[in-house]
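Letter by letter, the chains look like this.
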Amino acid sequence: MISVGAPDETRERAALAVWFGGTSVACWLCCPFWILVCFIALPLALVGLVRACIEYRASRSGRASRPRAIVGGVLSLLGATAAIAYMIFLANHPDLPVQG
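Residues numbered from 1 in each chain as written. Predicted model: local features only at pLDDT ≥ 70, side-chain atom pairs only at ≥ 80, totals over all residues. Heavy atoms only, no water.

**Comments concerning the overall build of the chain**
Along the chain, the regular secondary structure elements total four helices and zero strands. Considering the chain as a whole, with its 100 residues, one finds that 32% of them fall into the buried category. By sequence separation, contacts in the chain at least 24 residues apart represent 67% of the contacts at least 6 residues apart. (Helix = DSSP H or I, 4+ residues; strand = E, 2+ residues; numbered from the N terminus. Buried < 20%, exposed > 50% of the residue type's maximum accessible area, 1.4 Å probe, protein only. Contact = heavy atoms within 4.5 Å.)

See below:
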């Protein structure tokens, strides 16, 4: 948990893993152009994973919420896995993006 006396900036930055992870997953659900989404979702998911690790370490000293860090990490991992799986699928089927 964030301490009561923590500045607002610390509280806002403490949930960035959830935002990055949620955005990487939401891209897959909202945009039908998956060939474009995989190049947007992968960097967002990787940043979310890094933020989740940072927030998880900060949760040990009470500066961040551990459940939020775990949720952000899971969402980011899901978005990254989907992006990598789709890139592998495209690599195995190179003629697919050309088909309109």
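That covers the picture; the talk isn't over yet.
**Some points on the packing of helix α3 (residues 34-60) against helix α4 (residues 66-92)**
The N-to-C vectors of α3 and α4 enclose an angle of 150°; their axes lie 7 Å apart at closest approach. The angle between α3 and α4 falls in the class roughly antiparallel. Read as a crossing pair, α3 and α4 show a hand that is left-handed. Residue composition of the contact of α3 with α4, grouped by class: 18 nonpolar, six polar and three charged. (Axes fitted to C-alpha atoms, helices over the stretch in contact; angles between N-to-C directions. Parallel < 35°, antiparallel > 145°, perpendicular 65-115°, else oblique. Left-handed = near helix turned anticlockwise from the far one by under 90°. Nonpolar A, V, L, I, M, F, W, Y, C, P; charged D, E, K, R; others polar.)

**A closer look at the nonpolar core**
By size, the foremost hydrophobic cluster in this structure holds 12 residues: C27, W28, V37, C38, A41, L42, L44, A45, A80, A83, Y86 and L90. Those elements giving two or more residues to this core turn out to be α2 (16-30), α3 and α4. Per-element accounting of this core gives the leading share, six residues, to α3. With residues up to four places along the chain from it excluded, the contact list for V37 reads C27, W28 and C31. (Core = buried A, V, L, I, M, F, W, Y, C linked by side-chain atoms within 4.5 Å.)

**Side note on α4**
Between its terminal C-alpha atoms α4 stretches 39 Å, which fits the 39 Å expected from 27 residues at 1.5 Å a residue. Among the residues of α4, A69, G72, G73, S76, G79, A80, A83, Y86 and L90 are the ones counted as buried. Here the buried face of α4 lies against α2 and α3. (Expected span 1.5 Å × (residues − 1).)

**Re the state of the cysteines**
Inspection of the entire model under this criterion finds zero disulfides. Here C27 is not disulfide-linked; the sulfur of C31 is the nearest cysteine sulfur, at 7.5 Å. Overall, the relative accessible area of 18% leaves C27 in the buried class. (Disulfide = S-S within 2.5 Å.)

**Things to note about the packing of α2 against α4**
Interhelical geometry of α2 versus α4 gives an angle of 35° and a closest axis separation of 7 Å. For the pair α2 and α4, the crossing hand works out as left-handed. Every residue of α4 that contacts α2 at A17, V18, F20, G21, G22, S24, V25 and W28 is listed here: R68, G72, L75, S76, L78, G79, A82, A83 and Y86. A class-by-class count of the residues in the contact of α2 with α4 yields 10 nonpolar, six polar and one charged.

**Observations concerning a nonpolar patch on the surface**
A surface patch of nonpolar side chains, about 430 Å² in accessible area, is lined by F33, I35, L36 and F39. The residue F39 is located in helix α3 in this model. (Patch = residues over 30% accessible without salt bridge, like charges linked within 9 Å, V, L, I, M, F, W, Y side chains within 5 Å. Areas by Shrake-Rupley, 256 points an atom, 1.4 Å probe, with all protein chains shown as cover. Salt bridge = Lys/Arg side-chain N within 4 Å of Asp/Glu carboxyl O.)

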